[in-house]
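For reference, the chains in residue letters:
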Amino acid sequence: MSDTSPLLRCRHVAALLLFLSIMPAVANGVACKQLDAAIAAIFDDPTAPCDHNDDGSVSAADVTRLLVNTVPPTPTLTTSPTATTTLTETPDLNSPTPTMTPTPTITPTATRTHTPALCPTSGADLDIVIDNQSETSPLSITVTGERIDTACRTTVLPTSYSVAVECPGSGVVTCGTVSQLAPGEWRHSLHVLTPRTGQVQHQTSMLVANDAANRLQFTAFANVLSVETTANTGNGSLRSVLQKTESSNKPLLIQFDPTVFPDGVPTTIQLLFQLPALADSDVTIDAIDATGTAGNRIVDAGGLAIPVFSISGARNHIVGLRLQNAGGSNRDVLNIAGAGADGNTVEHVIVQNAATGDGIGVDMDAGADFDSRVNIIRDCEISGASDKGIKVTTGAHVRVERCWVHDNVNGGIQSTLGGHVQAWHNLVERNRGGSAQNGLSVNARDDGTSGGYSEMRSWGNIARANGANGFSVRAFAFAHALDDYLATNGTSGIRVFNDVGPSATALVEGTSAVCNAVDGAVVANSSLADFGGGQFASAGDNAFTQNNLPAGGANFRNATGMLVSTVNNQWEHCGHDTTCADDAIASLDLSDHGANTTFSPAQAHRSLHAPIVTAVAPAIGGQGELLRIFGSGFNVIDGHFAEDNCADVSGRNRCVPLRGNCVQINGVSAPVEAVTPTMLVVRWPFTCTQPVPLVVTTDQGSTGTSSAAFTVCTNDAVDAAAALNAAELRPLGP
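Values in this document were obtained by computation on a predicted structure and should not be read as measured data.

What counts and how
- Residues numbered from 1 in each chain as written.
- Predicted model: local features only at pLDDT ≥ 70, side-chain atom pairs only at ≥ 80, totals over all residues.
- Heavy atoms only, no water.
- Helix = DSSP H or I, 4+ residues; strand = E, 2+ residues; numbered from the N terminus.
- Buried < 20%, exposed > 50% of the residue type's maximum accessible area, 1.4 Å probe, protein only.
- Contact = heavy atoms within 4.5 Å.
- Areas by Shrake-Rupley, 256 points an atom, 1.4 Å probe, with all protein chains shown as cover.
- Lys, Arg positive; Asp, Glu negative; His and termini not counted.
- Salt bridge = Lys/Arg side-chain N within 4 Å of Asp/Glu carboxyl O.
- Polar contact = N/O pair within 3.5 Å; in protein donor to acceptor, adjacent residues only side chain to side chain.
- Disulfide = S-S within 2.5 Å.
- Pairing = 2+ DSSP bridges.
- Axes fitted to C-alpha atoms, helices over the stretch in contact; angles between N-to-C directions.
- Core = buried A, V, L, I, M, F, W, Y, C linked by side-chain atoms within 4.5 Å.
- Phe/Tyr/Trp six-rings, centres within 6.5 Å; stacked < 30°, edge-to-face > 60°.
- pLDDT = per-residue confidence, 0-100.

## What about the overall build of the protein chain?
Right, on to step 1. Along its length, the protein chain carries 7 helices and 52 strands.
Right, on to step 2. For the protein chain, buried positions account for 57% of its 734 residues.
Right, on to step 3. Considering only contacts within the protein chain whose residues lie at least 6 apart along the sequence, 73% involve residues at least 24 apart.
Right, on to step 4. When the accessible surface of the protein chain is totalled, it reaches about 27,500 Å², and 52% of it is carbon and sulfur.

What follows is the structure, encoded as structure tokens:
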């Protein structure tokens, strides 16, 4: 119907209404044809059966049933005691657009706009938690907040608050609770009154009406310094403040004066020469402004051959900056380096434009392990690097979480020359234009073990539309790919190989290699890989479909001459029965036709077993944000088709008509972005405000099977990050 003119659409609707009024006098055969034509015109569903309610006849009830199944129901409400507050709702018409939300490159299926329902009458409770590091007790503070969206409608629940409290003691203390607030996205501000450090900070969070209270946490710092000028040098400059950190009490907060850096206004510090590295420890630089927005406080190197910012100290926290325009001499925009650079966190930072280097480079033994000393890059956007978006080398340890790494010339996230990376729940896309344009990559030197082995533990990443491989594992490298979606990349979904020198090793499970321009998966040379049932105890649960078989590609290419195990996986040519056609898989999906590739038993994508949902991440979300759903039994094969080059993933996984995998949250269809046998990635169709059920239904041909309802939008839900921690992502290195 999207291609139908408004006038023609109006005529179709009028015709349908007239048809319904005369239906009792029309023969069933004629009625069915007219009803099908009207339904096809209105709903773009030419295959819809006429008898929609299976009562053996055609009547207005069939259209009613179709309309009921097509229009999402209004979310149900949980009745709770009436709120005691009587504040009138404040309009939320000017909330800022989040700058960190990735823009999808695949257009979702058109869905009906979700009308906000009434807020639950009990509202959302908020615990105010302070980590008091100020050495002052009691601590006097004010905390204010306002709701910045209209996730639900209310004329009773407060959409703003202001509290003044005293927090006795030191360390982490719950200072008070604000009760029965309107759920949705909120912006909060902290003002520390005693001690008189001048500390002012802001953050945003989602509040939901739930038995478990929402939690807002700030740190009260021992000392505060302010950046009070955009000048390159002089009193109050960022340079002078960084020079003062060594002589300042810790922990230390560096904040930005809003009279010089106005809230909501991008304001730039233009560098004329290199800033001093942040060599001290326990320093927080917070650039989030009072709008709750990241990226408005900007540090720009202006194309000079210098890094924009460097860290060599420990336990520092960089929040909300925009760092940009490093120039020549292979300079990174942000560099974390040295054996003392442990436990740093870079969060909500926008990193862009490196003329010759990486967006973020971490090296020289920065971070000694994946425990308390790991360096964390979280919720950041990294783009425009001439080399890698994020590169980790020479003994450094980094965890990259929920980042959008896109449009970097020579690759997305790389672990190389002895680097160690955990990559969790990232969107890595459109990294292309260079000679090593992979989405995810891990490699060491081809000439032997110099520099040590490199490793990447990858979990729940989407690597799509990159120039070469979605995931490249080369030479003296070790990889664990778990629940990854590797799609529409320029060569292969995943390639495990060694041109010369020591072999690469990979454990792959729960991963889809689909719709890539050459092969789905490749194991070559003397490298080792377990895609299911092999020497590394892979569970399998992978899927291979719609790679470029017509041009000579293979869904799985074994180029080793050795045995590779690929048991318990979904295959494009399995067939539609509850068990797979092994002959077809061997003939059409495997490059060696099964000579050295063990693949049976395969996993039927139409097993008739109900899918199972075990965890989600995150459990709470706003409209349009990504939600990962973990479990088993998801249907990859029916969720991808060749005729549209696999571009329309949302259209191939939908609820009406049922195709692939249907995800409904409180009865509202959620657009699907990625499918593996063990993970679905969808976008929240609305901003959640209270606990609601999530149900997954998989296409089983003539029928569908549905999972049990899994409760989301709750502070006490089973979050995947807690259910599957670093210890379970087992390393393959020595």
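## Quick look at the side chain of aspartate 332
Right, on to step 1. As for its position among the elements, aspartate 332 is in the loop between β15 (321–326) and β16 (334–337).
Right, on to step 2. Although buried, aspartate 332 forms no salt bridge, and the nearest oppositely charged side chain, lysine 391, lies 6.5 Å from it.
Right, on to step 3. Among the polar contacts listed, one links the side chain of aspartate 332 to the backbone nitrogen of aspartate 358, at a separation of 2.9 Å.
Right, on to step 4. Dropping the residues within four chain positions of it, aspartate 332 is found in contact with Ile306, Pro307, Val308, Ala326, Gly357, Asp358, Gly359 and Gly361.

## Thoughts on the state of the cysteines
Right, on to step 1. All told, the structure shown has 5 disulfides when counted by the stated rule.
Right, on to step 2. Shown here is the disulfide that connects cysteine 655 with cysteine 662, its sulfur atoms set 2.1 Å apart. Negative torsions about the S-S bond denote left-handed disulfides, and the value of about 90° found for cysteine 655 with cysteine 662 makes this one right-handed.
Right, on to step 3. With a relative accessible area of 16%, cysteine 655 lands in the buried category.

## Remarks on the sheet that holds strand β5 (residues 184–194)
Right, on to step 1. Read across the open sheet, the 4 strands follow the order β3-β2-β5-β6; overall the sheet is antiparallel. Each edge of the open sheet is held by one strand with a lone partner, namely β3 (160–167) and β6 (200–207). Each adjacent strand pair in this sheet contributes to an overall mean axis angle of 20°, direction not counted.
Right, on to step 2. When β5 meets β6, the two strands line up antiparallel, connected through 8 bridges. Considered in β6, the bridge of arginine 187 is made with threonine 204.

## Some points on the sheet that holds strand β4 (residues 171–181)
Right, on to step 1. The mixed open sheet is built from 3 strands, whose spatial order is β4-β1-β7. The outermost strands of the open sheet, each flanked by one partner alone, are β4 and β7 (214–220). With direction set aside, neighbouring strand axes in the sheet form an average angle of 20°.
Right, on to step 2. Bridge count between strand β1 (residues 124–132) and β7: 7 bridges; the pairing is parallel. Across the sheet, aspartate 127 pairs through a bridge with arginine 215, a residue of β7.

## What about unusual backbone geometry?
Right, on to step 1. With an omega dihedral of 0°, the bond running from serine 137 to proline 138 counts as a cis peptide bond.
Right, on to step 2. By secondary structure assignment, the location of proline 138 is in the loop between β1 and β2 (139–147).
Right, on to step 3. A cis amide bond links lysine 250 with the next residue in sequence, proline 251, at an omega value of 0°.
Right, on to step 4. Summarising the element assignment, proline 251 is placed in the loop between α4 (238–244) and β9 (252–256).

## A short note on the nonpolar core
For soluble globular proteins, nonpolar side chains are generally found buried alongside one another.
Right, on to step 1. Counting 84 residues, the largest nonpolar core has Ile285, Phe309, Phe471 and Phe531 as its most contacted members.
Right, on to step 2. If sequence neighbours within four positions are ignored, phenylalanine 471 has contacts with Leu440, Val442, Met456, Ser458, Ala479, Ala481, Asp484, Leu486, Gly493, Ile494 and Arg495.

## With respect to the side chain of asparagine 542
Right, on to step 1. Looking at where asparagine 542 falls in the secondary structure, it is placed in the loop between β38 (528–530) and β39 (543–545).
Right, on to step 2. By relative accessible area, which is 0% here, asparagine 542 ends up buried.
Right, on to step 3. Only 3.2 Å separates the side chain of asparagine 542 from the backbone nitrogen of glycine 510, close enough to count as a polar contact.
Right, on to step 4. Beyond its immediate stretch of four places on either side in the chain, asparagine 542 contacts Val508, Glu509, Gly510, Thr511, Phe531, Asn568, Asn569, Gln570 and Pro677.

## Looking at the packing of aromatic side chains
Right, on to step 1. One pass over the full model with this rule turns up 12 aromatic pairs.
Right, on to step 2. The interplanar angle of 80° and the centroid separation of 5.2 Å between the aromatic rings of tryptophan 424 and tryptophan 459 together place this pair among those described as edge-to-face. With tryptophan 424 in strand β26 (residues 420–424) and tryptophan 459 in strand β29 (residues 454–459), the pair connects residues that are 35 residues apart, well separated along the chain. Take tryptophan 424 and tryptophan 459: they sit in the same class, and that class is buried.

## Concerning the pairing of strand β40 (residues 556–559)
Right, on to step 1. Of the two faces of β40, the one lined by Phe556 and Asn558 is fully buried and the one lined by Arg557 and Ala559 carries no buried residue.
Right, on to step 2. Where strand β37 (residues 521–524) lies against β40, 4 bridges are found, and the strand directions are parallel. What sits directly across from alanine 521, in β40, is phenylalanine 556.

## A word on the environment of phenylalanine 710
Right, on to step 1. Considering the arrangement of structural elements, one finds phenylalanine 710 in strand β52 (residues 710–712).
Right, on to step 2. For phenylalanine 710, a relative accessible area of 12% translates into the label buried.

## Focus: the pattern of salt bridges
Right, on to step 1. The tally for this structure, following the rule as stated, stands at 20 salt bridges.
Right, on to step 2. A salt bridge links glutamate 455 to arginine 457; the nearest nitrogen and oxygen atoms lie 3.3 Å apart.
Right, on to step 3. Accessibility expressed as a relative area gives 4% for glutamate 455, which makes it buried.
Right, on to step 4. A salt bridge links glutamate 673 to arginine 464; the shortest N-O distance between them is 2.9 Å.

## Some words on the environment of phenylalanine 497
Right, on to step 1. Relative to the helices and strands, phenylalanine 497 is located in strand β34 (residues 494–497).
Right, on to step 2. On the basis of relative accessibility, which here comes to 10%, the residue phenylalanine 497 falls in the buried class.
Right, on to step 3. As a C-alpha pair, phenylalanine 497 and arginine 474 span 23 residues in sequence and 5.0 Å in three-dimensional space.

## Some thoughts on the environment of isoleucine 665
Right, on to step 1. Position of isoleucine 665 among the secondary structure elements: in strand β46 (residues 661–665).
Right, on to step 2. Residue classification places isoleucine 665 among the buried residues on the basis of a relative accessible area of 0%.
Right, on to step 3. For the pair isoleucine 665 and valine 692, spaced 27 residues apart in the sequence, the C-alpha separation amounts to 6.9 Å.
Right, on to step 4. Apart from the residues lying within four places of it in its own chain, the contact partners of isoleucine 665 are Leu627, Ala670, Trp684, Pro685, Phe686, Val692, Pro693, Leu694 and Val712.

## Digging into the confidence of the model for the protein chain
Right, on to step 1. When pLDDT is averaged along the protein chain, the result is 85, and 81% of the positions lie at 70 or above.
Right, on to step 2. Counted against residues more than four places away or in other chains, residues 725–734, with its pLDDT under 50, gives 28 contacts.

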